[in-house]
Structure formats: C-alpha cells, structure tokens
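In case you want the letters, here they are:
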Amino acid sequence: MTAVSVRVPAKVNLQLSVGPLRDDGYHDLVSVFHAVSLFDELTATPADDLFVRVEGTSAEEVPADDDNLAARAARLLAERIGVRPAVRLRIHKAIPVAGGMAGGSADAAAALVACDRLWGAGLTAAELAELGAAIGSDVPFALLGGTAIGVGRGERLTPVPVDGRFHWVFALADGGLSTPAVYAECDRLRERHGEKVRPPEASDRLIDALATGDVKELGSALTNDLQPAALALRPSLRRTLTVGRELGALGALVSGSGPTCAFLAESDAHALDLAAALSDAGVARSTVRAYGPVPGAIVV
Ligand code: C5P
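Residues numbered from 1 in each chain as written. Predicted model: local features only at pLDDT ≥ 70, side-chain atom pairs only at ≥ 80, totals over all residues. Heavy atoms only, no water.

**A closer look at the overall build of the protein**
The cut-off we apply is this: Numbering of helices and strands starts at the N terminus; helices are DSSP runs of H or I of at least 4 residues and strands are runs of E of at least 2. C-alpha atoms define the radius of gyration in this analysis, and the globule rule sets the expected value at 2.2 Å times the number of residues to the power 0.38. Three labels apply to residues, based on accessible area from a 1.4 Å probe with only protein chains included: buried if under 20% of the type maximum, exposed if over 50%, partly exposed otherwise in between. In this description, contact between two residues means that some pair of their heavy atoms is separated by no more than 4.5 Å.
On a plain count of helices and strands, the protein comes out with 10 helices and 12 strands. Relative to a compact globule of 300 residues, whose C-alpha radius of gyration would be 19 Å, the protein shows 19 Å and is just as compact. Across its three principal directions, the C-alpha atoms of the protein cover 55 × 45 × 35 Å. Here the protein holds 300 residues, and 52% of them are scored as buried. Looking at the protein alone, contacts between residues at least 24 apart form 76% of all its contacts between residues at least 6 apart.

Okay, here's the thing in structure tokens:
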C-alpha cells in the first residue's frame, strides 16, 4: 500500500458540564459532542522514519515535532502492534488550531485510522478508541463522530440519536486558548464564587431536542461550563456572542475551551446570512459554516 488518506471532523460541545477536579488533574465531565463538517485531512505514506508536515490554515501554529498529536498516535500504534513508526504524515488543516474544536485530537484520530490501514493492523474500533484515549480525552469522539454523550474525562462515549441536520456558523478568533489554562480558570472562578460543584448530568431537554430535530429548542438548551472561564481569559468573545444573538442565532456559545464561538442557525440559508452579518460586524477573524452531525474519521 502506498498512501492512505483519512478525513476527520471538528467537534462542538452542545453541552459541556464540568464536575469537580479529580486527583489525576482531569475533571469528570458530561459532554454532548457533535461532529461538524469542518475537516482536517491526513495522508500517511511509507517512509524511512516518522515525519510530519502540516499545511493549511494556521499550519505554522501546529507543532511538527514529537509533540504533534498525530505523530504521538502513530508512535503509540506502532508500539502496540510491534512495528517501526516509519511513516510520513501530511496533515491538511481546516479545523482552527487551539480553537476549542478538537483539531489536535482529530489529527491523532486520523493518524490512528490511517496507520492502522497502512500497516494492516486491523485493530477494532474499541481498540483504536482505547489507544486514542491515551493521547487525549477528545480522540475517541473524533474516531466515532456523529453526536454522542461523553463521560469520565469525555472519553467514554454513548451515541445520541439525532433527527436531521443542524446548521452552524463558527466565528474564528485570532490566536488560540490553552485548554489546561481554561480549565484552571474555571476552577479559580468557581472557588472565588464559592460555587458548589455537583456531579454533572446530561440535559434531558437537549437530548429531546436532538431526537426530535427541534432546532429552536436545541438553541436554547446549549450550555458550556467553560464559557465563563474562556470569556474571562478572552473578554472580546462576549461581544462576539452578543452580536451573533442579535443577528438572529438560535443559540450562541463558546465551543469547548474556546476561543471559537458557535452559532446555531435555523437553516442553511440562515447560516449563510448569519456568517455574512458576523463578518460585516467585524467580531471575528473569519467565519465558517458547517453542518452536523457527520461521521468520525474515515478513509477517503
Ligand atoms: O485529554 P487532553 O490532553 O485533551 O486534556 C488537555 C487538558 O485539559 C488536561 O491536561 C486538563 O488540564 C484539561 N482537561 C480536564 N478535564 C477533562 C479533559 C481535559 O481538566 N475531562
């Protein structure tokens, strides 16, 4: 086999409920992940050694060395099946870097699927997900795609039934936010406000809205516990969200740990208008439209 290409989607969290800080430094979560049609593409080809090249949007902000999550995934899989990680990974990025849309996790998921095929490993979906969880909490979802509830660190997944397709506009920001920094700010804000942190639960309202395809209900059921922390670290996002709501978004929230903001539109046509209006309002570096749910990492 000479080359394997894998397409992998970004995610937005429709619900992100953050529980108490655990002893291992992670937080117990209830996360409703939703895969959207904004894709990175990774191509794996045989080589003498492990090489990574990143191209596309903000490629220069992605590490191309040993820290690259796709490289780590390839190395982990090679170790697991007892081969040398002799592969060249070319990553074409469209998912914003450090944007709260799990772009790094997506590339790790793509590398697992591509190298599994290239090396004829034939691991099961569950085995790949287990390797993925060792790389990052969002990697198992990038493999699965669709819409799913994640518990634990977010790595233990159950698919959620969805009726139809939802249309989104994403407002991309200048520069990323560090996920650990946003979680730490969330803890700090909670402590400062003397907030009692309860074990998180999935929202029945949200799950019902997804099952019935009720877009208005979905818009008003979107929640993200990391949003106050992201807004504290990047105050300009407050205006981005307000303007999006004023322009008619059915729901507006920070995506994951941010700084990308997600706006739910009523239809594809509405998303087109909303994206143009957000761009005109000058509240984002750029905007991009996408729909969800879409499948996880697949060979193309
Ligand atoms: O799992 P991943 O490496 O993507 O997580 C990045 C960071 O995000 C962790 O080091 C931790 O600070 C934070 N995190 C968390 N609780 C989770 C997931 C991530 O605190 N459930």
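**Section: the site of the ligand**
So the rule is basically this: Near residues are defined by distance, with any heavy atom within 4 Å of the molecule or strand qualifying the residue. Polar contacts here mean pairs of N or O atoms no more than 3.5 Å apart (in protein, one a potential hydrogen donor and the other a potential acceptor; neighbouring residues in sequence count only if both atoms are side-chain atoms). We get accessible surface area from the Shrake-Rupley algorithm with a probe of 1.4 Å; when it comes to residues, only the shown protein chains can shield them. Three classes are used: nonpolar for Ala, Val, Leu, Ile, Met, Phe, Trp, Tyr, Cys and Pro, charged for Asp, Glu, Lys and Arg, and polar for all others, with Gly counted as polar. Start and end positions for the domains come from either an automated domain assignment or a database one.
Neighbouring the ligand are the residues Gly 25, Tyr 26, His 27, Leu 29, Gly 136, Ser 137, Arg 153, Thr 179, Pro 180 and Tyr 183. Ser 137 places a polar side-chain atom, nitrogen or oxygen, 2.5 Å from an oxygen atom of the ligand. Contact distances for the ligand include 3.0 Å between a nitrogen atom and a backbone N or O atom of Arg 153. Protein contacts shield 77% of the accessible area of the ligand, which totals 450 Å² for the unbound molecule. By residue number, the principal contributor to the shell around the ligand is helix H5 (residues 179-192), which donates 3 residues. Across the shell around the ligand, the residue classes break down as 4 nonpolar, 5 polar and 1 charged. Residue contributions to the shell around the ligand reach at least three from each of two domains, namely domain 1 (4-160) and domain 2 (166-292).

**Notes on the sheet that holds strand E9 (residues 251-254)**
Defined as follows: Whether two strands pair depends on DSSP finding at least two bridges between them. Orientation is described by axes fitted as lines to C-alpha atoms, over the contacting stretch for helices, and by angles from 0 to 180 degrees between their N-to-C directions.
Spatial strand order, E9-E10-E7-E11: 4 strands in an open sheet with antiparallel pairing. With partners counted over all chains shown, the strands left at the sheet margins are E9 and strand E11 (286-292), one partner each. Recorded for the sheet is a direction-independent mean angle of 25 degrees between the axes of neighbouring strands. Inspection of the sheet shows strand E7 (residues 166-172) paired to E11 by 7 bridges, in the antiparallel sense. The partner of Leu 172 across the bridge, within E11, is Ser 286. Against the sheet, helix H9 (residues 236-246) touches E7, E9 and strand E10 (261-265), its axis set at about 5 degrees to E10.

**A few points about the packing of helix H1 (residues 69-81) against helix H2 (residues 103-118)**
We count it as follows: Take the far helix as the reference: if the near one is turned anticlockwise from it by less than a right angle, the crossing is left-handed, and if turned clockwise, right-handed.
Following both chains from N to C, one finds H1 and H2 inclined at 35 degrees, their axes separated by 7 Å at the closest point. Crossing geometry of H1 relative to H2 is assigned as right-handed. Facing H1, whose interface residues are Leu 69, Ala 70, Ala 73, Ala 74 and Leu 77, H2 presents Gly 104, Ser 105, Asp 107, Ala 108, Ala 111, Leu 112, Cys 115 and Asp 116. Its residues placed into classes, the contact of H1 with H2 shows 9 nonpolar, 2 polar and 2 charged.

**Remarks on H5**
The α-helix winds at 3.6 residues per turn, so residues separated by three or four positions along the chain end up facing the same way. Convention followed: Given the number of residues in a helix, its expected span is that number minus one, multiplied by 1.5 Å.
Helix length check: H5, at 14 residues, gives a terminal C-alpha distance of 20 Å against a target of 20 Å (1.5 Å per residue), a fit within 8%. Taken together, the buried residues of H5 touch strand E1 (4-21), strand E2 (27-46) and helix H8 (227-233). Looking at the residues trailing H5, positive phi occurs at Gly 194, about 55 degrees.

**Regarding the packing of aromatic side chains**
Heads up, the condition is: Between rings of Phe, Tyr and Trp, where Trp is taken as its six-membered ring, a pair exists when centres lie within 6.5 Å; planes separated by under 30 degrees are stacked, by over 60 edge-to-face, and by other angles tilted. Charge-over-ring contacts are defined here by two conditions on Lys NZ or Arg CZ: a distance within 6 Å of the ring centre and an angle within 35 degrees of the ring normal.
Applying the stated rule across the entire model yields 2 aromatic pairs. Each ring, one from Phe 33 and one from Phe 141, has its centre 4.8 Å from the other, and the planes form 10 degrees; the classification is stacked. With Phe 33 in strand E2 and Phe 141 in helix H4 (residues 139-144), this residue pair connects regions lying 108 residues apart in the sequence. Relative accessible area serves as the criterion here: at 2%, Phe 141 is assigned to the buried category. Centroid distance Trp 168 to Phe 170: 6.2 Å. Interplanar angle 20 degrees. Geometry classified as stacked. The ring of Phe 39 is capped by Arg 7, whose NZ or CZ atom sits 3.8 Å from the centre of that ring.

**Quick look at the domain arrangement of the protein**
Quick note on the threshold: By buried area we mean how much accessible surface two parts lose on assembly, using a 1.4 Å probe and totalling the loss over both.
Partitioning the protein into domains gives domain 1 (4-160) and domain 2 (166-292). Taking only C-alpha atoms into account, the centre of domain 1 sits 22 Å from that of domain 2. At the junction of the two partners, domain 1 supplies 32 residues and domain 2 supplies 38 residues. Buried area between domain 1 and domain 2, summed over both chains or domains, comes out near 2600 Å², and the portion from carbon and sulfur atoms is 64%.

**Let's talk about the pattern of salt bridges**
Condition: Between Lys or Arg on one side and Asp or Glu on the other, a salt bridge is scored when a side-chain nitrogen of the former is within 4 Å of a carboxyl oxygen of the latter.
Per the counting criterion, the structure on display carries 14 salt bridges. For the salt bridge of Arg 190 with Asp 225, the shortest nitrogen-to-oxygen distance reads 3.3 Å. Here Arg 190, found in helix H5, pairs with Asp 225, found in the loop between strand E8 (223-224) and H8; they are 35 residues apart in sequence, far enough to count as distant. Under the relative-accessibility criterion, Asp 225 is labelled partly exposed at 29%. Residue Lys 216 is joined to Glu 266 by a salt bridge in which the shortest nitrogen-to-oxygen separation is 3.2 Å.

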